[in-house]
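Here is how the chains run, residue by residue.
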Amino acid sequence: MCLAIPAQVVALQDDAMALVDVGGVRKQVSLALVPEASLGDYVIVHVGYAIGRLDPDEAERTLALFGALQVDAAAPAVLDAAAPADPDTTAPADLDATALPR
Amino acid sequence: MKYIDEFRDGAVAQRVAARIAAEVRPDRTYRFMEFCGGHTHAIARYGIAEWLPPAVRMIHGPGCPVCVLPIGRIDQAIRLALERDAIVCTYGDTLRVPASAGLSLLKAKARGGAVRIVYSPTDALRIAAEHPQREVVFFAIGFETTTPPTALALLAARRQRLENFSVLSCHVLTPSAITHILESPEVRDYGSVPLDGFVGPAHVSIVIGSRPYEHFAEEYRKPVAIAGFEPLDVMQAILMLVRQVNAGRADVENEFTRAVTRDGNQAAQAVVAQVFELRSRFEWRGLGEVPYSALKIRPQYAAYDAEARFDMDYRPVPDHKSCECGAILRGVKRPVDCKLFGTVCTPDSPMGSCMVSSEGACAAHYSYGRFRDIAIVAEAGA
Amino acid sequence: MKDGYVRPIDLRDGRVDMNHGAGGRAAAQLVEELFVRAFDNPYLRQGNDGALLPVAAELLDGGRLVMACDGHVVAPIFFPGGDLGALSVHGTLNDVAMLGARPLYLAASFILEEGYPLADLARVVESMGAAARAARVPIVAGDTKVVERGKGDGVFIATTGVGVVPRGREIGGARARPGDAVLLSGTIGEHGVAVLSKRESLEFETTIESDSAALHDLVAALLAAAPEGAVHVLRDPTRGGLATTLNEIARQSGVGIRLSEAAIPVKPQVDAACELLGLDPLYVANEGKLVALVDPAAADAVLAAMRADSLGRDSCRIGVVIEDEHRFVQMDTRFGGRRVIDWLSGEQLPRIC
């Protein structure tokens, strides 16, 4: 829950503050909770504070896995970062030809 | 907008929906609770229910901190503004919550109470610095996502020696709420919770990590899929839950790997632990008293604790007799099951917690879903 | 002693005080040196409390009078792309224009707060004068009152506008019919975002400017492109945004409206600002846009005429009117589902959840 939005760090400022950019809109936020964030990183912003960093590689993996077939019933397409991805699961999914009734 | 638009792609939604439809078993239903208000909002706003096969039912959980904020706490904030002459700084979400005596913070403002809307706790700090002769209280609501900023603001107040600044802490905890649902009265009646799994909150999990959910998965044998905030995230998490249920598994899976790790944000957890401690009990609107479910400010920071500073007591106030919010928050009734829904209780005149914020189950259904209850015209005239 | 010399008002460092509203010499001087100079026209120079005005040609031919009024209390008074003064002119001109009327005259009433800097007041008034001149609609009468410090927010302005419609023209919110095309004159959400960007505690950097504009020329152009009676409804989506306006029309006309989200143009920065604050662009105020509900046979011609106007370059078709006893406004979302666009409950507030 909680309105939080990915934004790119475009300028680092004093006192753990930074200028972030979302779609061309810029806002000053605090990086106190994400001290390792650097210029160009994407952070998740909530009530004026960055609460975490966004991992671009994981984002790509997640996008690729949307709707992918489950490869192995015993070792399902778990997206957890602790389990390294099987390269085969990132292949495009076989689309189910059945149209979804709406 | 990067990392937002890609996760709202309708064409990809078709793919995920097709997978869900293909994998649900014909002989059963799947009841999943999305705990987080943001997910409730996303499901309603993007019409995700329309993408799901009828076998999958989404139950809206109590993950909306405004919805579960009891009347007694709003009363405290109103008293601070009207009786103690404090400037009460609050997030916009709480403004219209109806409290006792027909008041809300908005109405208190109309009566001369100094109520200011802020976007961030730093705004409250600034107001305190600008009005050194006035008491300034930050009304701190929210789950674990919102708590670290409050902690930082309190520490900043101490550093800047803002002696007129204090915090009314109403921060609540997600795991406690989930446990409460899993141990609700209905469990005793039916022997089990009528839920097959949870869609775990997105941003809370950035802070607390995925580890705290492992307890539920294990203890209550319910799978959890932590989902990102966007509609594709939610749909993928539902697919993951369907697969777990089919396989008879009860694990914690993480769909939101681009932002959530097992350990979460340690810096944020540390600053919260520094400033806050557990309350032994805290009343949740619609759920009654839940043990160890909320935070209060540690004694060494009592100077910045509004409850201590203003010597405030808490007076519980019951909800309307016919209000079904409790059952709705626990997932055992739907908004349309409540006698008050849509007539006495609407977003403009909310009676209970579920209607009060746009994240609440009843508000979401009223704004987005009620047209499904009545036959709706689909095609254009010409 | 120099005969006839009157020391001019100190517009640079002076402030509004109670004398300026008292009706005496100071008040008269403020009116003459500030208001009349900025609004200058023969009607105002008549120098009476009311203006004597000629009868418009349409009235002699069976046409009718249109009158509208608007109060303006926006804060901050100066915002990217506009100010209270220009807004007060545009807003009332647009109310008149939305009945398909040719606007003729404006009147303006000012409630000033004691202590408000005259330099800022001068900026507001100059801006009003410029807006009125650009629109070719004179401000022919006015009034000034002063309230004590603390009882007003700097300046409040109420404007009244008068216009005429030709005989037989019946454009109004109750006239929409199933099958009508729903046309929108451009991108939405800019005024609201521009104002919010300057509100304390929400400050964010954006190049978004208010779209505040007078729409009567655009209206004249689109009406000329279709046979009389083909344009059923005109309305400008101000407070409450496009969603509120369409709900009003649906209720008044007893119809439903079906929209396509993909067809509704929103500038990327407006989208981003709304995401940041938890707002929905559909509910954010506009001050220079209109919706037109038009007979489907005339829709293409009307759209072309709108696009040819400088204020309608991004005009588009966003939906259609349907039969619906529930009077819902529905939208096919970009994501693929359908949702109801409901009335706003109270003011849209930035939220955390």
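These numbers come from a predicted model, not from an experiment.

### Observations regarding the domain arrangement of chain C
Residue and element names in this part refer to chain C.
Item 1. Each domain of chain C was delimited in the assignment, giving domain 1 (18-165) and domain 2 (181-340).
Item 2. Each of domain 1 and domain 2 was reduced to a C-alpha centroid, and the two centroids are 27 Å apart.
Item 3. The interface of domain 1 with domain 2 comprises 20 residues on the first partner and 22 residues on the second.
Item 4. Elements with a contribution of two residues or more to the side of domain 1 that touches domain 2: α3 (84-97), β4 (102-113) and α4 (118-135).
Item 5. Broken down by element, the side of domain 1 that touches domain 2 gets its largest block of residues, eight residues, from α3.
Item 6. In the side of domain 1 that touches domain 2, the residues fall into 13 nonpolar, six polar and one charged.

### With respect to helix α7 (residues 241-253) of chain C
Residue and element names in this part refer to chain C.
Item 1. Look at α7: 19 Å from first C-alpha to last across 13 residues, which is about the 18 Å you get at 1.5 Å a residue.
Item 2. Summarising burial for α7: ten of the 13 residues are buried, a large majority.
Item 3. Listed in full, the buried residues belonging to α7 are Gly241, Leu242, Ala243, Thr244, Thr245, Leu246, Asn247, Ile249, Ala250 and Ser253.
Item 4. On its buried face, α7 is in contact with β8 (231-235), β9 (256-260), β10 (291-294) and β12 (329-332).
Item 5. Where α7 ends, the next residue or the one after it, Gly254, has phi of about 70°, a positive value.

### What about the nonpolar core?
Item 1. With 277 residues, the main nonpolar core has Val43 and Ala50 of chain A, Val88 and Ile238 of chain B together with Leu183, Ala292 and Val302 of chain C as its most contacted residues.
Item 2. Of the residues forming this core, the biggest block, ten residues, is contributed by helix α12 (residues 231-247) of chain B.
Item 3. Residue contacts for Ala50 of chain A: discarding those within four places in its chain leaves Val29, Ser30, Leu31, Leu33, Val34, Ala37, Val43, Ile44 and Val45 of chain A.

### Focus: the pairing of strand β11 (residues 316-322) of chain C
Residues and elements named next belong to chain C.
Item 1. Summarising burial for β11: five of the seven residues are buried, a large majority.
Item 2. Of the strand pairs in this sheet, strand β7 (residues 181-184) and β11 are connected by four bridges, and their pairing is antiparallel. Of the residues in β11, the one forming a bridge with Leu184 is Cys316.

### Comments concerning the environment of Val167 of chain B
All names here are of chain B.
Item 1. Its place among the elements puts Val167 in strand β6 (residues 165-171).
Item 2. What makes Val167 buried here is the crowd of 29 C-beta atoms within 10 Å.
Item 3. Sequence-wise, Val167 and Ala303 are 136 residues apart; in three dimensions their C-alpha atoms are separated by 9.5 Å.
Item 4. Every residue in contact with Val167, bar those within four places of it in the chain, is listed here: Phe138, Ala140, Thr150, Leu154, Ile297, Tyr304, Asp305 and Ala306.

### Observations concerning the confidence of the model for chain C
Item 1. The predicted model of chain C averages 93 in pLDDT, with 95% of residues at 70 or higher.
Item 2. Our summary of model confidence lists the complex with pTM equal to 0.88 and ipTM equal to 0.88.

### Focus on the packing of helix α6 (residues 216-224) of chain C against helix α9 (residues 299-308) of chain C
A pair of packed helices can be characterised by two numbers: the angle between their axes and the separation between those axes.
Residue and element names in this part refer to chain C.
Item 1. Direction vectors running N to C along α6 and α9 enclose 150°, while the axes themselves pass 8 Å from each other. Of the two possible hands of crossing, α6 and α9 adopt the one that is right-handed. Contacts from Leu218, Ala221, Leu222 and Ala224 of α6 reach α9 at Val302, Ala305, Met306 and Ala308.
Item 2. Residue classes in the contact of α6 with α9 are distributed as eight nonpolar, no polar and no charged.

### A word on helix α5 (residues 190-197) of chain C
Residue and element names in this part refer to chain C.
Item 1. The buried fraction of α5 amounts to eight of the eight residues, a majority that puts the element mostly inside the structure.
Item 2. Burial in α5 covers these residues: Glu190, His191, Gly192, Val193, Ala194, Val195, Leu196 and Ser197.
Item 3. Structurally, α5 contributes buried residues whose contacts are with β2 (78-79) and α8 (268-277).

### With respect to unusual backbone geometry
Item 1. With an omega dihedral of 5°, the bond running from Ala75 of chain C to Pro76 of chain C counts as a cis peptide bond.
Item 2. Among the secondary structure elements, Pro76 of chain C is positioned in the loop between β1 (64-72) and β2.
Item 3. Positive phi outside glycine occurs at Arg161 of chain B, with the angle close to 55°.
Item 4. Inspection of the secondary structure assignment puts Arg161 of chain B in the loop between α7 (147-159) and β6.

### Concerning the environment of Val20 of chain A
All names here are of chain A.
Item 1. Following the sequence through the fold, Val20 ends up in strand β2 (residues 17-22).
Item 2. Each C-alpha atom, one on Val20 and one on Val45, is 9.0 Å from the other, the two residues being 25 residues apart in sequence.
Item 3. Residues contacting Val20, with those up to four places away along its chain left out, are Ala7, Gln8, Val9, Val10, Arg26, Lys27, Val29, Val43 and Val45.

### Some remarks on the sheet that holds strand β7 (residues 197-200) of chain B
All names here are of chain B.
Item 1. Across the sheet, which stays open at both edges, the five strands sit in the order β2-β1-β7-β8-β9 with parallel pairing between neighbours. With partners counted over all chains shown, the strands left at the sheet margins are β2 (56-63) and β9 (252-254), one partner each. In this sheet, neighbouring strand axes are inclined to one another by 25° on average, regardless of whether the strands run parallel or antiparallel.
Item 2. Across three bridges, the pairing between strand β1 (residues 30-36) and β7 is parallel. Each bridged residue has a counterpart across the sheet, and for Phe32 the counterpart in β7 is Gly197.
Item 3. Sheet contacts for helix α2 (residues 37-45): β1, β2 and β7; angle to β1, the most-contacted strand, approximately 120°.

Conventions used here
Residues numbered from 1 in each chain as written. Chains lettered and ligands numbered in written order. Predicted model: local features only at pLDDT ≥ 70, side-chain atom pairs only at ≥ 80, totals over all residues. Domains from an automatic or database assignment. Contact = placed C-beta atoms within 7 Å. Helix = DSSP H or I, 4+ residues; strand = E, 2+ residues; numbered from the N terminus. Nonpolar A, V, L, I, M, F, W, Y, C, P; charged D, E, K, R; others polar. Expected span 1.5 Å × (residues − 1). Buried ≥ 20, exposed ≤ 12 C-beta atoms within 10 Å, placed from the backbone. Core = buried A, V, L, I, M, F, W, Y, C linked by C-beta atoms within 7 Å. Pairing = 2+ DSSP bridges. pLDDT = per-residue confidence, 0-100. Axes fitted to C-alpha atoms, helices over the stretch in contact; angles between N-to-C directions. Left-handed = near helix turned anticlockwise from the far one by under 90°.

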